[in-house]
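The chain contents come next:
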Amino acid sequence: NTAARLGANVISNSYGNDENSFVQTFARFYRHPGHTMVVASGDFGFPEVSFPANLTSVTAVGGTSLRRVHNARGWAERVWNQPVTGGASGTGCSAFVAKPSWQHDPHCPGRTTADVSAVATDLAIYDKDAGGWITIAGTSASAPLVAGVYGLAGNGSRLRPGSVYAHRRNLFDVTAGNNVQGASPGQVCGDYLCQARPGYDSPTGLGTPHGIGAF
């Protein structure tokens, strides 16, 4: 509320809680027409549905991992899932929020998270208290990265929730990996709600930013 009152066009939220009837009472605080709300989808894999990422007034951001390869892009990208150390892109089907008009995935009658995604692991930051350069992971990093792309695009005050779904051609489609905690990297869970595939899938949404065109 304070960020909107002070005029922020894009507001990023790197926190969440398992959806339930209590936290849903706070949904009104995430409805700010004229301000784009970006929210981390969570870090505990499928089927974690996190509030406020489950709201239809926000852009929910999942996580990916990147690896250098010799292709035109220079990178291979897959769902963020660290079965050894723990942590995976949190996504699923909401039991509390109805399906928005801009989502059309077939196996979830409610709101599906995520909408888009961004890299969520091996991110370097400088933390003096931690001894200098360290690496971090989580959708708490993915969300502000996407918020930054919204900021670069300069449309935060004009966009409506779900507008990114009309611009999927301007995103990198992520088609590898799953977000089942404890699953091996090559394991297939069998459904788009937990497995990346061409087009929309729950762990990575429509994909990751390819410039600012989708935003």
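Here the structure is a predicted model, which is why all the values come from computation and not from measurement.

K.L.:
It is not clear to me how the state of the cysteines should be interpreted in this structure. Could you clarify?
P.N.:
Put plainly, two cysteines are in a disulfide when a covalent bond ties their sulfur atoms together. This structure, assessed with the given rule, holds two disulfides. The partner cysteine of C189 in its disulfide is C194, sulfur to sulfur 2.0 Å. As the torsion about the S-S bond is roughly 110°, the C189-C194 disulfide counts as right-handed. On the accessibility criterion, C194 (6% relative accessible area) is buried. Each bonded cysteine of the protein is numbered by sequence order, and under that numbering the disulfide pairs are 1-2, 3-4.

K.L.:
Looking at this model, I keep getting lost on the pattern of salt bridges. Mind explaining?
P.N.:
Once their charged atoms are close, side chains differing in charge can pair, the charge on each being opposite to the other. Counted under the stated rule, the structure contains three salt bridges. For E77, the salt bridge identified is with R73, shortest N-O distance 2.9 Å.

K.L.:
Can you help me understand unusual backbone geometry in this one?
P.N.:
Most peptide bonds are trans, and most residues other than glycine sit at a negative phi. For the bond from F46 to P47, the omega torsion is 0°, close enough to zero to count as cis. Within the fold, P47 resides in the loop between β3 (36-40) and β4 (50-51). That bond from T113 to A114 is cis: its omega, 20°, falls within 30 degrees of zero. Along the chain, A114 falls in the loop between β8 (110-113) and β9 (116-119). One non-glycine residue, D122, adopts positive backbone phi at about 60°. Tracing the backbone shows D122 in the loop between β9 and β10 (123-127).

K.L.:
Please clarify how the environment of E77 should be interpreted in this entry.
P.N.:
Summarising the element assignment, E77 is placed in strand β6 (residues 75-79). Residue classification places E77 among the buried residues on the basis of a relative accessible area of 12%. C-alpha of E77 to C-alpha of R169: the two residues are 92 residues apart in sequence and 17 Å apart in space. Residues within four places of E77 in sequence aside, it is in contact with T64, S65, L66, F172, V174, A176 and T208. In this structure the side chain of E77 is engaged in a polar contact, spanning 2.7 Å, whose partner is the side chain of T64.

K.L.:
Would you explain the packing of aromatic side chains in this entry?
P.N.:
Both the distance between ring centres and the angle between the ring planes are used here to describe each pair of aromatic rings. In total, this model carries eight aromatic pairs according to the counting rule given. Grouping aromatic residues by their ring pairs yields a cluster made of W102, Y165, Y192 and Y200. Between R73 and the ring centre of F172, over which it is positioned, the NZ or CZ distance is 3.7 Å.

K.L.:
Would you explain the pairing of β3 in this entry?
P.N.:
It is a general feature of regular strands that their side chains alternate between the two faces of the sheet. Of all the five residues making up β3, five are buried; the element is thus mostly covered by neighbouring parts of the structure. Residues T36, V38 and A40 of β3 are buried on one face, and the alternating residues M37 and V39, pointing to the opposite face, are buried as well. Bridging between strand β1 (residues 10-13) and β3 involves four bridges; their strand directions are parallel. Residue V10 lies in a different strand from β3, and its bridge partner there is T36. One ladder, built from three bridges, connects β3 with strand β5 (residues 59-68); its direction is parallel. In the strand pairing of β5, V39 is matched with A60.

Definitions and limits used
- Residues numbered from 1 in each chain as written.
- Predicted model: local features only at pLDDT ≥ 70, side-chain atom pairs only at ≥ 80, totals over all residues.
- Heavy atoms only, no water.
- Disulfide = S-S within 2.5 Å.
- Buried < 20%, exposed > 50% of the residue type's maximum accessible area, 1.4 Å probe, protein only.
- Salt bridge = Lys/Arg side-chain N within 4 Å of Asp/Glu carboxyl O.
- Helix = DSSP H or I, 4+ residues; strand = E, 2+ residues; numbered from the N terminus.
- Contact = heavy atoms within 4.5 Å.
- Polar contact = N/O pair within 3.5 Å; in protein donor to acceptor, adjacent residues only side chain to side chain.
- Phe/Tyr/Trp six-rings, centres within 6.5 Å; stacked < 30°, edge-to-face > 60°.
- Lys NZ or Arg CZ within 6 Å of the ring centre and 35° of its normal.
- Pairing = 2+ DSSP bridges.

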